[in-house]
Amino acid sequence: MSKKIVIFGLLAPIICGGIVIWAVNVRAEELSSQQLEQIKGSCITIKATLKQIHSSDALLRVNTGQIYESISTKLMERFDERADYNNMDEDALVASANNFDLLLDNFRSDYVTYEQQLSLAINIDCTTQPAAFYDAVAQARTNREKMHSDVAALNQALDQYNQVVAQFEIDNQKRIEELSQ
Amino acid sequence: MTDNNQDLKVVPFYARHLFGVMVAASITIAVALVFISMGLYYSSGASQLDLSSPSYVDVRNQVDNSDDFSEYSNTGKMNASAVSNFKSLFNQKVEKIKSVDIFGGDPLSPESLGMVVAAEATTGE
């Protein structure tokens, strides 16, 4: 048993090292020398574009975040509280609103990650480190795609809340009619 | 003369330089609070949304400051009118936010940024 552990202990670093070397080689093959030259040559233009994207995405984050925040605090929370105020079962509404808040937290934290990565890419000197710059932009791109899927999830959660409200209306139809008189 | 020397020995250093100690303590506390607040500013992500920073000068005036969310009351009767009012406000906001493809497109792709050589770009890499 102990012999197996020793063999595994010796082989594991070799295997891990091999994987790392293979990954580095794959990266080197991906970026041809022509492409590296292209990045170096267009460095200033690429950086200017990245800075523009950085600014416009910050604006998008602020404006979008405000709307989502307001939908949560000024509409959903208040509707749930009003249901509770009228002694109606608001559990499903609260659960759906909590789910939305959770997704909103993801949206916030994913933006922090994305912005940090984009700033990192902007700060890399692409004339001297084109490969590192390419990788940093590629990672920022992945993080931006994550933001897009976060927004899709938030919009889906809004649709879900809408359905829960419709169900709430059906379940409490009698009581709503009583209160309407 | 002997009495004066004895008095000096009895009174501790900080008491003899009380004003100086107070100034030093105030500065130390202020510096510590600045570090704590700056730490919170960066760690909370507030710095990334602070459009007053110089890098966001171009977009600063495009921030949507309009608070057009009609106040929906959290008290009052949950009657048909209250439900209908909520649904109307909610759907209005949802439609507004869905009308924009937020963080859509692919502006960071190598093609969009011009990071691929012309031949690769035309053959789709």
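A quick note: this is a predicted structure, and the numbers were derived from the prediction, not measured. Within each chain, residue numbers correspond to sequence positions counted from 1 in written order. Chain A is the first chain written and ligand 1 is the first ligand written, with later ones labelled in order. With the structure being a predicted model, the display of local features is reserved for residues of pLDDT at least 70 and the display and counting of side-chain atom pairs for 80 or more, all residues being used for whole-chain, interface and lining totals.

J.: If you had to explain the overall build of chain A to someone new, which residues and values would you point to?
T.: A count of helices and strands for chain A gives six helices and zero strands. Ordered by position from the N terminus, the helices and strands of chain A form the series α-α-α-α-α-α. The proportion of buried residues among the 181 residues of chain A is 27%. Working definition of a contact: two residues with C-beta atoms, positioned from the backbone, lying within 7 Å. Of all intrachain contacts in chain A linking residues separated by at least 6 positions in sequence, the fraction that spans at least 24 positions is 74%. Only runs of H or I of at least four residues qualify as helices and only runs of E of at least two qualify as strands under DSSP, and these elements are numbered from the N terminus. Every C-beta atom is placed from the backbone, and the number of other C-beta atoms within 10 Å of a residue's own sets its class: buried at 20 or more, exposed at 12 or fewer, partly exposed in between.

J.: How would you summarise the overall build of chain B if you had to cite specific residues and measurements?
T.: A count of helical and extended segments in chain B gives six helices and zero strands. Taken from N to C terminus, the helices and strands of chain B fall in the order α-α-α-α-α-α.

J.: How would you explain the interface of chain B and chain A if you had to name every residue and give the values?
T.: With 43 residues of chain B at the contact, the number on the chain A side is 51 residues. Considering each element in turn, the side of chain B that touches chain A owes the most residues, 11 residues, to helix H4 (residues 80-98) of chain B. Under the scheme applied, nonpolar residues are Ala, Val, Leu, Ile, Met, Phe, Trp, Tyr, Cys and Pro; charged residues are Asp, Glu, Lys and Arg; polar residues are all the others, including Gly. Here the residues of the side of chain B that touches chain A sort into 24 nonpolar, 12 polar and seven charged.

J.: Any details on the packing of helix H3 (residues 43-85) of chain A against helix H4 (residues 91-123) of chain A? Residues and values, ideally.
T.: Residue and element names in this part refer to chain A. Only C-alpha atoms enter the line fits that serve as axes; for helices the fit covers just the stretch in contact. Angles between N-to-C directions range over 0 to 180 degrees. Interhelical geometry of H3 versus H4 gives an angle of 165 degrees and a closest axis separation of 10 Å. The angle between the axes of H3 and H4 places the two elements in the roughly antiparallel class. Where H3 crosses over H4, the two elements pack in a sense that is left-handed. Here Lys47, Leu50, Lys51, His54, Arg61, Tyr68, Ser72, Met76, Glu77, Phe79, Asp80 and Ala83 of H3 come into contact with H4, specifically with Leu93, Val94, Ala97, Phe100, Asp101, Leu104, Tyr111, Leu118, Ala121 and Ile122. For the contact of H3 with H4, the class distribution of residues is 14 nonpolar, two polar and six charged. Angle categories are assigned with fixed cut-offs, so that under 35 degrees is roughly parallel, over 145 is roughly antiparallel, 65 to 115 is roughly perpendicular, and the rest are oblique. Should the near helix be turned counterclockwise from the far one by less than a right angle, the crossing is left-handed, whereas a clockwise turn marks it as right-handed.

J.: Provide a residue-level description of the confidence of the model for chain B, including the pertinent values.
T.: Residue and element names in this part refer to chain B. On a scale of 0 to 100, pLDDT captures the predictor's confidence in every residue. Within chain B, residue pLDDT values average 84, and 86% of them lie at 70 or more. No element of chain B has a lower mean pLDDT than helix H6 (residues 118-122), which averages 57, and none a higher one than helix H3 (residues 18-43), which averages 95. Both scores are available for the predicted complex, with the pTM at 0.78 and the ipTM at 0.76.

J.: Any details on the packing of helix H5 (residues 130-171) of chain A against H4 of chain B? Residues and values, ideally.
T.: Taken N-terminus to C-terminus, the directions of H5 of chain A and H4 of chain B make an angle of 165 degrees; their axes are 11 Å apart at the nearest point. In terms of their interaxial angle, H5 of chain A and H4 of chain B are classed as roughly antiparallel. The hand of the H5 of chain A/H4 of chain B crossing is left-handed. Within the contact between the two elements, H5 of chain A uses Asn155, Leu158, Asn162, Val165 and Glu169 of chain A and H4 of chain B uses Val83, Lys87, Phe90, Val94 and Lys98 of chain B.

J.: Lay out the environment of Ala140 of chain A in plain terms, naming residues and giving numbers.
T.: Structurally, Ala140 of chain A can be placed in helix H5. We classify Ala140 of chain A as buried; it has 24 C-beta atoms within 10 Å. C-alpha of Ala140 of chain A to C-alpha of Tyr114 of chain A: the two residues are 26 residues apart in sequence and 5.9 Å apart in space. Excluding its chain neighbours within four sequence positions, the residues that come into contact with Ala140 of chain A are Tyr114, Gln117, Leu118 and Ala121 of chain A together with Leu108 of chain B.

J.: Provide a residue-level description of unusual backbone geometry, including the pertinent values.
T.: Notably, Asn87 of chain A is not glycine yet its phi reads approximately 55 degrees, a positive angle. Given 9 C-beta atoms within 10 Å, Asn87 of chain A falls into the exposed group. The phi dihedral of Phe103 of chain B is positive, around 55 degrees, even though this residue is not glycine.

J.: How would you sum up H4 of chain A? Please name residues and give values.
T.: All names here are of chain A. The end-to-end C-alpha distance of H4 is 48 Å, a good match for the 48 Å that 33 residues give at a rise of 1.5 Å each. Every buried residue of H4 is listed here: Leu93, Ser96, Ala97, Phe100, Phe107, Tyr111, Tyr114, Glu115, Leu118 and Ala121. Residues of H4 that are buried sit in contact with H3 and H5. How far a helix is expected to stretch is found by multiplying one less than its residue total by 1.5 Å.

J.: Give a detailed account of the environment of Cys43 of chain A, specifying residues and quantitative values.
T.: Residue and element names in this part refer to chain A. Structurally, Cys43 is set in helix H3. Look at Cys43 and you get partly exposed, because 18 C-beta atoms sit within 10 Å. Taking the C-alpha atoms as reference points, Cys43 and Tyr85, separated by 42 residues in sequence, lie 60 Å from one another. Those residues in contact with Cys43 that lie beyond four places of it in its chain are Cys126 and Thr127.

J.: Account for the confidence of the model for chain A, with residues named and values stated.
T.: When pLDDT is averaged across chain A, the result is 88; 83% of the residues are at 70 or more. Considering each helix and strand of chain A separately, the mean pLDDT is smallest for helix H1 (residues 2-30) of chain A, with a value of 58, and largest for H5 of chain A, with 96.

J.: Describe the environment of Asn63 of chain A, with residues and values.
T.: Tracing the backbone through its elements, the reader meets Asn63 of chain A in helix H3. For the pair formed by Asn63 of chain A and Gln139 of chain A, sequence separation is 76 residues and the distance between their alpha carbons is 24 Å. Look past the residues within four positions of Asn63 of chain A in its chain and what remains in contact with it is Val63 and Asp64 of chain B.

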